[in-house]
Amino acid sequence: MTDTEAALNEFLVCVFNDILRLEELNLHGGPNRDLSVSEMHVLEAVEKAAAQAPEGAGMAEVASKLAVTSGTLSVAVKTLEHKGYLVRRRGVRDKRRVTVALTEKAQPALRRHAAFHEALVARAAAHLSEQQTQALIAALTSLHAFFTEPE
């Protein structure tokens, strides 16, 4: 590994851990301290999938958004259902299809988490010029494309 690659590796690991730590602090300092960061991300994925599917967010669609297996998602959904954040339903037309929906309890947690992300981005952007921000967006877009391309 070159010095540049080692520096990039260190940066990526540190930034990932910093964001994860800040998300955990935000969750555990609020009214939804019973949620983990990964559970919050499941709720976000259900919200996004439901916005695209009026008949309800299917388990396969949510698993795909999270890039996890159906089994992994099932475990998380069961936990979130037990905590009162999600409900599972059988499809009306196709009984094999299972959809998940957010409960009223999930809504304030999602709003608080979205506000956390907005504040995080605003604080980070305040340290950058417009030119630096645009360069960062371009670089992160390239990294995201790399990380999400099939192996």
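Anyway, here's the lowdown on the structure attached to this text.

Cut-offs applied
- Residues numbered from 1 in each chain as written.
- Predicted model: local features only at pLDDT ≥ 70, side-chain atom pairs only at ≥ 80, totals over all residues.
- Heavy atoms only, no water.
- Axes fitted to C-alpha atoms, helices over the stretch in contact; angles between N-to-C directions.
- Helix = DSSP H or I, 4+ residues; strand = E, 2+ residues; numbered from the N terminus.
- Parallel < 35°, antiparallel > 145°, perpendicular 65-115°, else oblique.
- Contact = heavy atoms within 4.5 Å.
- Nonpolar A, V, L, I, M, F, W, Y, C, P; charged D, E, K, R; others polar.
- Left-handed = near helix turned anticlockwise from the far one by under 90°.
- Pairing = 2+ DSSP bridges.
- Core = buried A, V, L, I, M, F, W, Y, C linked by side-chain atoms within 4.5 Å.
- Buried < 20%, exposed > 50% of the residue type's maximum accessible area, 1.4 Å probe, protein only.
- Expected span 1.5 Å × (residues − 1).
- Arc of directions from axis to C-beta.

**Section: the packing of helix α1 (residues 3–28) against helix α2 (residues 37–52)**
At step 1: Taken N-terminus to C-terminus, the directions of α1 and α2 make an angle of 85°; their axes are 10 Å apart at the nearest point. Here α1 lies roughly perpendicular to α2, going by the angle between them. Across the interface between the two elements, Leu20, Glu23, Glu24 and Leu27 from α1 touch Val37, Met40 and His41 from α2.
At step 2: Of the residues belonging to the contact of α1 with α2, the class tally is four nonpolar, one polar and two charged.

**Details of the packing of α1 against helix α5 (residues 106–125)**
At step 1: Packing of α1 against α5 leaves a shortest axis separation of 11 Å and a crossing angle of 140°. When the axis of α1 is compared with that of α5, the two are oblique. For the crossing formed where α1 meets α5, the hand is right-handed. Between α1, through Leu22, Glu23 and Asn26, and α5, the contact on the second element is made entirely by Arg112, His113, Phe116, His117 and Leu120.
At step 2: Looking at the contact of α1 with α5 residue by residue, the classes come out as three nonpolar, three polar and two charged.

**Notes on the sheet that holds strand β1 (residues 57–58)**
At step 1: Taken in spatial order, the three strands of this open sheet run β1-β3-β2, and their pairing is antiparallel. For this open sheet the edge positions go to β1 and β2 (86–90), each flanked by a neighbour on one side alone.
At step 2: Pairing analysis gives five bridges linking β2 to strand β3 (residues 98–102), with the strands arranged antiparallel. When the bridges of β3 are listed, Arg89 appears paired with Thr99.

**Points about the nonpolar core**
At step 1: Among the nonpolar cores identified, the biggest contains 23 residues, and Leu35, Leu43 and Val62 are the most heavily contacted of them.
At step 2: Only α2, α3 (59–66), α4 (70–83) and α5 provide two or more residues apiece to this core.
At step 3: Setting aside chain neighbours within four positions, we find Leu43 in contact with Leu35, Leu80, Tyr85, Leu86, Leu102, Ala106 and Leu110.

**Considering α5**
At step 1: Over its 20 residues, α5 extends 29 Å from the first C-alpha to the last, a length consistent with the 28 Å expected when each residue adds 1.5 Å.
At step 2: Regarding α5, the residues found buried are Ala106, Ala109, Leu110, His113, Phe116 and Leu120. Buried residues of α5 fall within an arc of 120° about the axis and therefore sit on the same side. Within α5, the exposed residues directed more than 90 degrees away from the buried face are Arg111 and Glu118.
At step 3: Packing partners of the buried residues in α5 comprise α1, α2 and β3.

**With respect to the environment of Val37**
At step 1: Along the chain, Val37 falls in helix α2.
At step 2: Taking relative accessible area as the criterion, Val37 reaches 7% and is therefore assigned buried.
At step 3: Distance from Val37 to Leu25, taken between C-alpha atoms, is 9.7 Å for residues twelve residues apart in sequence.
At step 4: In contact with Val37, not counting residues within four places along its chain, are Leu20, Glu23, Glu24 and Leu27.

In short, geometric facts, not functional conclusions.
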